[in-house]
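Here are the chains, one letter per residue:
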Amino acid sequence: MSERRIKVGIIGTGGIARYHVMSYRKLPFVDIVAVADVIPGRAREFAEKEGLVGAGAYDSHTELLAQDLDAVSICTPNASHHRTSVDAVRAGKKVLLEKPMSVTLEEALDMVQTVKTHDGMLSIGFQPRYDPNMKLLQDIIQSGRLGNVYYAETGGGRRRGMPGGTFISKALAGAGAMADIGCYSLDMALNTLGYPRPVSVSAFTSNHFGTNPLYHQEASKFEVEDFGVAMVRFDNDLVLQFKISWAMHMDTLGATMFLGTDAGLKVTPAGSGPWSGVWDGAIGSMTLYHDDFGGHTSTAVPLIGHSLDLFFEKVRDFAEAVRDGRPAPIPAEQILIQQAIIDGVLRSADQRREVEVKLPY
Ligand SMILES: NC(=O)c1ccc[n+]([C@@H]2O[C@H](COP(=O)([O-])OP(=O)(O)OC[C@H]3O[C@@H](n4cnc5c(N)ncnc54)[C@H](O)[C@@H]3O)[C@@H](O)[C@H]2O)c1
């Protein structure tokens, strides 16, 4: 193991920044030396509250990026992911960026191009990837046990679970349920399937709950979708149905499933209650459907018991990659593909027809 220490900064000191600090603190080779927030004084207040003795506190990300740092965590609302991460990569810092990667596809493309031009490192923070059962799921699909996978279905829904604040502003969040929780289930399905290349999307979105004062305290400020459904075609003849909901009159939007020519796999979410669902990456069960012994058979896949803190695992993997000079654990270049899908969903819903998805890389 390398003895090298790394210096880290945190950009955006709101809700999720605390979890980055808590995770870095458990890593003996990491020093948190700087924090920044655009709200004047907020970074200083955060540093004091978190006991970050000696850390510099700045009122802009550019001031923070001028410091001697190896890496930064970007914990700002979605709309500033592009500007802050591009500036950080240009300043030679390795970046762990909170999900979703960006608001628009153009931003995501610029971010990937910047990484290429500057030989940078930009990793996107999907902690459910660190659940050992996600790896098990990926191993089952990629083992070929299902044969040719021609159809997948993913997504999930909360009966009630709409955030407010920056999450419902079109300008700050870009999209609603799709960007907030849909990105997790998309990453689960796409990563499992080896991130195939999308060619077209046909989608519908709505916001009947968010804009209704009966259901949301900030209904007059609600500008994004609270429900979305999409059919995505890929260049390998695979089709994915994707459904996501922040609020609905239903208990579940169904399981994630993969249909193959030799077998099918159903994945159900862990937990119960209005905020549960596959979207957070917790797998409750996996069942393989196959024909064996002369009949229709199903096999419950034994899940891997664990007590991992997935958020910590994501931060640890990133920090170790920075220390050891490894590539981005969850590369922006891969996540660009799901940004292209989300972009396609929003365009298709707006135009009320199927739209093409074009990827330059
Ligand atoms: N991985 C997860 O489990 C998880 C959970 C919650 C939120 N998130 C993501 O984290 C991001 C932040 O969410 P949050 O709940 O912490 O939001 P938040 O609104 O609580 O905090 C964001 C902070 O960033 C600051 N900010 C805005 N623009 C900035 C800039 N250019 N430079 C510096 N600071 C800036 C804001 O003033 C605010 O203090 C979002 O993209 C969200 O999707 C991830």
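Computed from a predicted structure; not experimentally measured. (Residues numbered from 1 in each chain as written. Predicted model: local features only at pLDDT ≥ 70, side-chain atom pairs only at ≥ 80, totals over all residues.)

Observations regarding the pairing of strand 13 (residues 283-292)
No. 1: As paired strands, strand 12 (residues 263-269) and strand 13 are joined by 7 bridges and run antiparallel to one another. In the strand pairing of strand 13, Leu265 is matched with Leu288.
No. 2: Bridging between strand 13 and strand 14 (residues 295-300) involves 6 bridges; their strand directions are antiparallel. Looking at strand 14, one finds that Asp292 is bridged to Gly295.
No. 3: From the end of strand 13 to the start of strand 14, which pair antiparallel, there are 2 residues, and Phe293 there has a positive phi angle of about 55°. (Pairing = 2+ DSSP bridges. Helix = DSSP H or I, 4+ residues; strand = E, 2+ residues; numbered from the N terminus.)

Considering the domain arrangement of the protein
No. 1: Domain annotation of the protein identifies domain 1 (6-125 + 310-330) and domain 2 (129-306).
No. 2: Listed as interface residues are 11 residues of domain 1 and, on the opposing side, 10 residues of domain 2.
No. 3: Partitioned by chemical class, the residues of the side of domain 1 that touches domain 2 number 6 nonpolar, 2 polar and 3 charged. (Domains from an automatic or database assignment. Contact = placed C-beta atoms within 7 Å. Nonpolar A, V, L, I, M, F, W, Y, C, P; charged D, E, K, R; others polar.)

Let's talk about the UniProt feature "domain: Gfo/Idh/MocA-like oxidoreductase N-terminal" (unreviewed entry) in the protein
No. 1: In this structure's numbering, the residues bearing the UniProt feature "domain: Gfo/Idh/MocA-like oxidoreductase N-terminal" (unreviewed entry) are residues 6-126.
No. 2: Along residues 6-126 the backbone is 38% helical and 24% strand, and the end-to-end C-alpha distance reaches 22 Å. (UniProt positions renumbered as here; feature names shortened; annotations may be inferred.)

A closer look at the UniProt feature "domain: GFO/IDH/MocA-like oxidoreductase" (unreviewed entry) in the protein
No. 1: Here the UniProt feature "domain: GFO/IDH/MocA-like oxidoreductase" (unreviewed entry) sits at residues 136-264.
No. 2: With 21% helix and 31% strand, the stretch residues 136-264 has end C-alpha atoms that lie 15 Å from each other.

Focus: helix 2 (residues 42-49)
No. 1: Those residues of helix 2 lying buried are Ala43, Phe46 and Ala47. Down the axis, helix 2 shows its buried residues gathered within 100° of arc, on one side only. Facing away from the buried side of helix 2, by more than 90 degrees, are the exposed residues Glu48 and Lys49.
No. 2: Each element contacted by the buried residues of helix 2 is listed here: helix 1 (17-25), strand 2 (30-36) and strand 3 (56-58). (Buried ≥ 20, exposed ≤ 12 C-beta atoms within 10 Å, placed from the backbone. Arc of directions from axis to C-beta.)

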